[in-house]
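# Summary of the model geometry
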Amino acid sequence: MAINWTEAQIGEIVAAVLKEVSTESVASCKWDSTSYCGRKLIGIYADMNDAIAAANEGYKAVRAMSVAEREKLITVIREMTREEASIMAALGVAETKMGRVDHKTAKHILVADKTPGTEDIRAEAMTGDDGLTLTEMAPFGVVGSITPSTNPSETVLCNSIGMIAAGNGVVFNPHPNAIATSNYAVDLINRASAKVGGPAVLVASVVKPTMDTAQTMYKSPLIRLLVCTGGPGVVRAVLSSGKKAIGAGAGNPPVIVDDTADIAKAAKDIIDGCTFDNNLPCIAEKEVFVFENVADELISGMMRNGCYKLTLDQANALASIVLDEVKDESGRVVKHVVNRNCVGRDAKVLLAKMGIQVSDDIRCIIAEVPFEHLFVQEELMMPILGIVRVKNIDEAIDLACKAEHGNRHTAHMHSKNIDNLSRFAKAVETTIFVKNAPSYAGIGFGGEGHTTFTIAGPTGEGLTSARSFTRRRRCVMADSFRII
Ligand code: NAD
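A quick note: this is a predicted structure, and the numbers were derived from the prediction, not measured.

Conventions adopted
Residues numbered from 1 in each chain as written. Predicted model: local features only at pLDDT ≥ 70, side-chain atom pairs only at ≥ 80, totals over all residues. Heavy atoms only, no water. Helix = DSSP H or I, 4+ residues; strand = E, 2+ residues; numbered from the N terminus. Expected span 1.5 Å × (residues − 1). Buried < 20%, exposed > 50% of the residue type's maximum accessible area, 1.4 Å probe, protein only. Domains from an automatic or database assignment. Contact = heavy atoms within 4.5 Å. Salt bridge = Lys/Arg side-chain N within 4 Å of Asp/Glu carboxyl O. Polar contact = N/O pair within 3.5 Å; in protein donor to acceptor, adjacent residues only side chain to side chain. Pairing = 2+ DSSP bridges. Axes fitted to C-alpha atoms, helices over the stretch in contact; angles between N-to-C directions. Core = buried A, V, L, I, M, F, W, Y, C linked by side-chain atoms within 4.5 Å. Patch = residues over 30% accessible without salt bridge, like charges linked within 9 Å, V, L, I, M, F, W, Y side chains within 5 Å. Areas by Shrake-Rupley, 256 points an atom, 1.4 Å probe, with all protein chains shown as cover. Lys, Arg positive; Asp, Glu negative; His and termini not counted. Charge placed at Lys NZ, Arg CZ, Asp CG, Glu CD. Phe/Tyr/Trp six-rings, centres within 6.5 Å; stacked < 30°, edge-to-face > 60°. Lys NZ or Arg CZ within 6 Å of the ring centre and 35° of its normal. Near = heavy atom within 4 Å. Nonpolar A, V, L, I, M, F, W, Y, C, P; charged D, E, K, R; others polar. Parallel < 35°, antiparallel > 145°, perpendicular 65-115°, else oblique. Left-handed = near helix turned anticlockwise from the far one by under 90°.

## Looking at helix α6 (residues 152–165)
Here α6 contains 14 residues, and its C-alpha end-to-end distance of 20 Å stays within 8% of the 20 Å for a straight helix at 1.5 Å per residue. Counting buried residues along α6, 14 of its 14 residues qualify, which places the element largely inside the surrounding structure. Phi for G167, located one or two positions after α6, is positive at around 95 degrees.

Written out as structure tokens, the structure is:
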């Protein structure tokens, strides 16, 4: 009997098989920062100075390419990213122990599909009585890029597409905890280059990234632009380097739910966004402020979407597991830092750490907590959501802005009241503001617009793309070249 599969069904089966194959191959083969399954990774150097020199040669080769050739190269990078998405996803989870293979696969496909290429680079012309002035977006040269552990290969690929589209070379100082995954992506770019007759090494990285290799990058005269995606420490370091820098820093995105929202949808959207890649994306929902007259309904909706609700005592106990205290000399707690063994872990794993066993369909931990609670104040990057009841929109906006800590990164709201939506958007001043959708709609996943994994709030580029990595140059032709 013939079976008539639909295209979507075939796609699902292929994806499931590929996922199994890649997860198994990652588990059964040897990999490190220089090789994957016996294949030597291309463009990885022991010395950062050698990596910078190689990236400089890559830059010269990119400069010699026509725009059409650059775009052809980017097309191949997109194709290979799609083909190898599930391998990089499985490798990322195996190496960092953070996140989820299915969601990381989706993130790579998003990078392949929605990272702008050369079409993002547009010249401007101005004409008038005095002739023609042309402004073009020129490359900087070699870009030094610092990338995080939370979206390692995604950031390397997304940065590379944008930076190459703009005509730059790139050298990476990836996060040490995700170096094999990041360098796999560097190698992918170089394999793509070889396929289109480009240089053998187009982008480069190092075997063992450290603070010292980052310093070498900051000081090298060949590096004309630094791009940093990471937490507050590294963004500060890069912005103090004395070089032109783009900083994409930490967030702690609050969500407001008012009593005009579609509460069932809000509950699902918030949990879908919060649990995406186990809350690793910097844009993911981190705490909720809900009107008290709809709070019970929202929490019930969340429970129907795979949540486990903790009591306040249990929430306090979990907070002391997932966060470490930092004390001053007198023993006073001065701050908390996330326990790296908990970041990006499954809700089930986090609950097991406090002796609670749950089934696999539990994907998020929720708790009603006071505003001061660590679940509200700290950027956990775990599928844990603190929920605070508020009386009205004034209190909601006030507390949500305070919880965002002035990062001006990302905020979300579920409401049908346009006055409330506008008031919060204006007050919180974030780079991304998502209305009535999961957080990932803000980076083009189920929302309009391009994607990026480098959201530059502190330095103002916003959702970076090729044009963010360019410098404007003006050419003036006095008195001529008008056609009217
Ligand atoms: P992290 O801050 O621990 O590390 C980022 C990179 O910086 C790594 O390569 C690390 O080795 C390096 N580094 C850290 N301190 C440094 C210093 N002083 N000098 C030189 N290099 C240094 O980041 P992570 O834990 O991998 O990522 C999570 C953080 O990054 C979160 O705060 C998250 O919000 C943020 N993030 C922001 C964006 C964005 O687009 N704005 C994207 C992803 C992650």
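That shown, we press on.
## Observations regarding the domain arrangement of the protein chain
What the domain assignment reports for the protein chain is domain 1 (7–249 + 461–476) and domain 2 (254–447). With centres defined by C-alpha atoms, the gap from domain 1 to domain 2 works out at 30 Å. Facing 17 residues of domain 1, the contacting portion of domain 2 comprises 20 residues. There are 2 salt bridges connecting domain 1 and domain 2. Across the salt bridge formed by D277 and K107, the nearest N and O atoms sit 2.5 Å from each other. Counting the contacts that link domain 1 with domain 2 gives 9 residue pairs in polar contact (both at pLDDT 80 or more). Listed by contribution, the elements that provide at least two residues to the side of domain 1 that touches domain 2 are α5 (101–114) and β21 (462–463).

## A closer look at the sheet that holds strand β19 (residues 432–435)
Strand order in this open sheet of 7 strands is β13-β16-β17-β12-β11-β18-β19, and the pairing throughout is parallel. Of all strands in the sheet, those with a lone pairing partner are β13 (307–310) and β19, marking the two edges. Along the sheet, successive strands turn relative to each other by an average axial angle of 20 degrees, direction set aside.

## A closer look at the nonpolar core
Here is a general trend for soluble globular proteins: nonpolar side chains tend to be buried in one another's company. The biggest cluster of nonpolar side chains holds 64 residues, and the ones touching the most others in it are V257, V288, F289, L298, M302 and V322. Setting aside residues no more than four positions away along its own chain, V322 makes contact with V337, V338, N339, C342, L350, F375, L380, M382 and I384. Residues A89, F140, A185 and L188 belong to the second largest nonpolar core, which totals 55 residues.

## Focus: unusual backbone geometry
Most of the time, phi is negative for any residue but glycine, and the peptide bond is trans. Positive phi is not limited to glycine here, since N436 has a value of about 55 degrees. Checked against the element boundaries, N436 lands in the loop between β19 and β20 (455–456). A relative accessible area of 31% means that N436 is categorised as partly exposed. Positive phi, close to 75 degrees, is recorded for F481, a residue that is not glycine. Within the secondary structure, F481 is located in the segment after β22 (470–478).

## As for a positive patch on the surface
A contiguous patch of positive charge, built from R63, R224, R471 and R473, is present on the exposed surface. By secondary structure assignment, the location of R471 is in strand β22.

## Section: the packing of aromatic side chains
Counted by the stated rule, this structure contains 6 aromatic pairs. Geometrically, the ring pair formed by F424 and F433 is edge-to-face, given 5.4 Å between the ring centres and 70 degrees between the ring planes. Overall, the relative accessible area of 0% leaves F424 in the buried class. Taking 5.3 Å as the distance between ring centres and 70 degrees as the angle between the ring planes, the aromatic pair formed by Y440 and F445 counts as edge-to-face. Using a relative accessible area of 15% as the deciding quantity, one classes Y440 as buried. You can call F445 partly exposed: its relative accessible area is 27%. An aromatic cluster is defined as three or more aromatic residues linked by ring pairs; in this entry it consists of F276, Y440 and F445. R191 extends its terminal NZ or CZ atom over the ring of Y184, reaching a point 5.7 Å from the ring centre.

## Section: the site of the ligand
The ligand sits among 30 residues. The nearest are S149, G231, R340, E379 and I455. Within the backbone of F453, a nitrogen or oxygen atom sits 3.5 Å from an oxygen atom of the ligand. Contacts to the ligand include I455, whose backbone N or O atom sits 2.6 Å from an oxygen atom. For the ligand, the protein covers 88% of the area, taking 850 Å² as the surface of the free molecule. Examining the composition of the shell around the ligand, we find that 3 residues originate from one element, helix α8 (residues 211–219), more than from any other. Looking at the shell around the ligand residue by residue, the classes come out as 15 nonpolar, 13 polar and 2 charged. Here the shell around the ligand spans two domains, and each of domain 1 (7–249 + 461–476) and domain 2 (254–447) adds at least three residues to it.

## As for the packing of helix α3 (residues 67–83) against α5
Remark: α3 packs on α5, axes separated minimally by 9 Å, with the N-to-C direction vectors making an angle of 165 degrees. When the axes of α3 and α5 are compared, the pair comes out roughly antiparallel. Both α3 and α5 take part in a crossing whose hand is left-handed. Here R78, T81 and R82 of α3 lie close against α5, whose contacting residues are H108, I109, V111, A112 and D113. Of the residues that constitute the contact of α3 with α5, the class distribution is 3 nonpolar, 2 polar and 3 charged.

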